[in-house]
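Reading the structure
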Amino acid sequence: MFVLAELKDNVRIAPELFGLKLPDAIKDQINRKLANKVLLNVGLCIALKDIVKLGDSIILPGDGASHTEVNFRYIVFRPMVGDVITGKIRSCSREGVHVTLGFFDDILIPPSALQHPSRYEETEQAWVWEYPLEDGNTHDLYMDIGESIKFRVSGELFEESSPIGPPDQEVPTGAAGSSSAAGTGSSAVGQEGNKTPYRIVAAINESGLGLLSWWAQQNQDGDGDEEEADGDEEEQDPPEGQEMSAEDE
């Protein structure tokens, strides 16, 4: 789930940071730049592991800061396809079940990857697994918000999200047609700006996956049946003390 990525960057140290040791100043600047950021085809950056190599520091003409080429290793969140992870349900929609890990929210379980058969309840805003019973009926198992869920990673999607330009200039209120056109353009830019740089696609349509409460309840039912069976066996066997008393008689 977490990997070490070997990266290379040219780190700029401002003059006001010259009082710090160079490795400490570089570590601080790298974390400021990368922590909680997504690198394309790399993953979500978590924290700096260590610095592998420091190059020579140079000062460019017209800039009082130093520039140092650094090779370092960074802890990155990027689970492998097939990994089984436990998270919590953040929300449900017709797109599927949205899962969060606390530090990463862009996990989607599409309807085709849910337990079959499942349906979406508009009133409850939740997906429901129609669990088949032995008598031919079904029992509804709701996927409620906040429930712990175990899923398998089935894919990942990186999308380049470049910075958007400044918003369109305001149009005089008298130009009604121009105003509506400008509004449409700004909304289109807003949609492009909401791109998700890194998403994970997951699945729970396997035995043992899904809400932890589903399988915990089944295990408890199974343990209860075993205890009842053991109790019946114990009742059939007479206590040792009674056997001894019968022999004495």
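Predicted model, so just to flag it, every value in this text is computed and none were measured.

Conventions and cut-offs
Residues numbered from 1 in each chain as written. Predicted model: local features only at pLDDT ≥ 70, side-chain atom pairs only at ≥ 80, totals over all residues. Heavy atoms only, no water. pLDDT = per-residue confidence, 0-100. Contact = heavy atoms within 4.5 Å. Helix = DSSP H or I, 4+ residues; strand = E, 2+ residues; numbered from the N terminus. Expected span 1.5 Å × (residues − 1). Buried < 20%, exposed > 50% of the residue type's maximum accessible area, 1.4 Å probe, protein only. Arc of directions from axis to C-beta. Patch = residues over 30% accessible without salt bridge, like charges linked within 9 Å, V, L, I, M, F, W, Y side chains within 5 Å. Areas by Shrake-Rupley, 256 points an atom, 1.4 Å probe, with all protein chains shown as cover. Salt bridge = Lys/Arg side-chain N within 4 Å of Asp/Glu carboxyl O. Core = buried A, V, L, I, M, F, W, Y, C linked by side-chain atoms within 4.5 Å. Pairing = 2+ DSSP bridges. Axes fitted to C-alpha atoms, helices over the stretch in contact; angles between N-to-C directions.

1. Concerning the confidence of the model for the chain
- Per-residue pLDDT for the chain has a mean of 80; in total, 73% of the residues score no lower than 70.
- Under a pLDDT of 50 for its full length, residues 169–192 has, in the predicted model, seven contacts with residues more than four places off or in other chains.
- Residue range residues 233–249 is modelled with pLDDT below 50. Its contacts to residues more than four positions away, or to other chains, number one contact.

2. Observations regarding helix 1 (residues 22–34)
- Across its 13 residues, helix 1 extends 18 Å between first and last C-alpha, which sits within 8% of the 18 Å expected from 1.5 Å per residue.
- Ala 25, Ile 26, Ile 30 and Leu 34 are the residues of helix 1 that are buried. Projected down its long axis, helix 1 carries its buried residues within an arc of 140 degrees, all on one side.
- Looking at the packing, one finds that the buried side of helix 1 touches strand 1 (2–13), strand 2 (38–39), strand 3 (43–59) and strand 4 (66–77).
- Positive phi appears at Asn 36, one or two residues downstream of helix 1, with a value of about 65 degrees.

3. Here we look at a nonpolar patch on the surface
- Where nonpolar side chains cluster on the molecular surface, the patch consists of Met 1, Phe 2, Ile 46 and Phe 103 and spans about 340 Å² of accessible area.
- Along the chain, Ile 46 turns up in strand 3.

4. Regarding the side chain of Ser 66
- Tracing the chain through its elements places Ser 66 in strand 4.
- If we skip the residues at most four places from it in the chain, Ser 66 touches Val 11, Arg 12, Ile 13, Phe 18, Ser 57, Ile 58 and Ile 59.

5. A look at the nonpolar core
- Grouped together as the largest cluster of nonpolar side chains are 30 residues, with contacts concentrated most on Val 97, Ile 107, Ile 109, Met 143, Phe 151 and Ile 204.
- Every element with two or more residues in this core is listed here: strand 5 (84–93), strand 6 (96–100), strand 7 (107–109), strand 9 (126–132), strand 10 (138–143), strand 11 (148–158) and strand 12 (198–203).
- Those residues in contact with Phe 151 that sit more than four places away from it in its chain are Asp 83, Val 84, Ile 85, Thr 86, Gly 87, Val 99, Leu 101, Ile 107, Ile 109, Ala 202, Ala 203 and Ile 204.
- Of all hydrophobic cores here, the second largest spans 14 residues; its members include Val 11, Ile 30, Phe 72 and Tyr 74.

6. What about unusual backbone geometry?
- Omega for the bond connecting His 116 with Pro 117 falls within 30 degrees of zero, at -5 degrees, which places this linkage in the cis form.
- Its place among the elements puts Pro 117 in the loop between strand 7 and strand 8 (118–121).
- Even without glycine at this site, Asn 41 takes up a positive phi of about 65 degrees.
- Residue classification places Asn 41 among the exposed residues on the basis of a relative accessible area of 51%.

7. Notes on the sheet that holds strand 8
- Spatial ordering of the open sheet is given by 8-9-10, a layout of three strands whose pairing is antiparallel. Each end of this open sheet is capped by a strand with a single partner; those strands are strand 8 and strand 10. For this sheet the average axis-to-axis angle between neighbouring strands, irrespective of direction, equals 30 degrees.
- Pairing geometry for strand 9 and strand 10, over six bridges, is antiparallel. Across the sheet, Trp 129 pairs through a bridge with Leu 141, a residue of strand 10.

8. Re the sheet that holds strand 4
- With antiparallel pairing, the four strands of this open sheet are ordered in space as 1-4-3-2. Both outer strands of the open sheet, strand 1 and strand 2, are each paired with one neighbouring strand and no more.
- Inspection of the sheet shows strand 3 paired to strand 4 by 11 bridges, in the antiparallel sense. Counted as the bridge partner of Ile 59 is Ser 66 from strand 4.
- Set on the sheet, helix 1 makes contact with strand 1, strand 2, strand 3 and strand 4; between it and strand 3 the angle comes to about 135 degrees.

9. Considerations on the pattern of salt bridges
- Considering all chains together, one arrives at 12 salt bridges under this definition.
- Note that Asp 28 and Arg 32 form a salt bridge whose closest N and O atoms lie 2.9 Å from each other. With a gap of four residues between them, Asp 28 and Arg 32 both fall in helix 1, about one helical turn apart.
- Judged by its relative accessible area of 61%, Arg 32 is exposed.
- A salt bridge links Glu 156 to Arg 78; the nearest nitrogen and oxygen atoms lie 2.6 Å apart. Within this pair, whereas Glu 156 is found in strand 11, its partner Arg 78 is found in the loop between strand 4 and strand 5, the two being separated by 78 residues in sequence.
- Assessed through its relative accessible area of 24%, Arg 78 is described here as partly exposed.
- Connected through salt bridges with shared partners, the residues Arg 119, Glu 121, Glu 130 and Asp 140 form a single ionic network.

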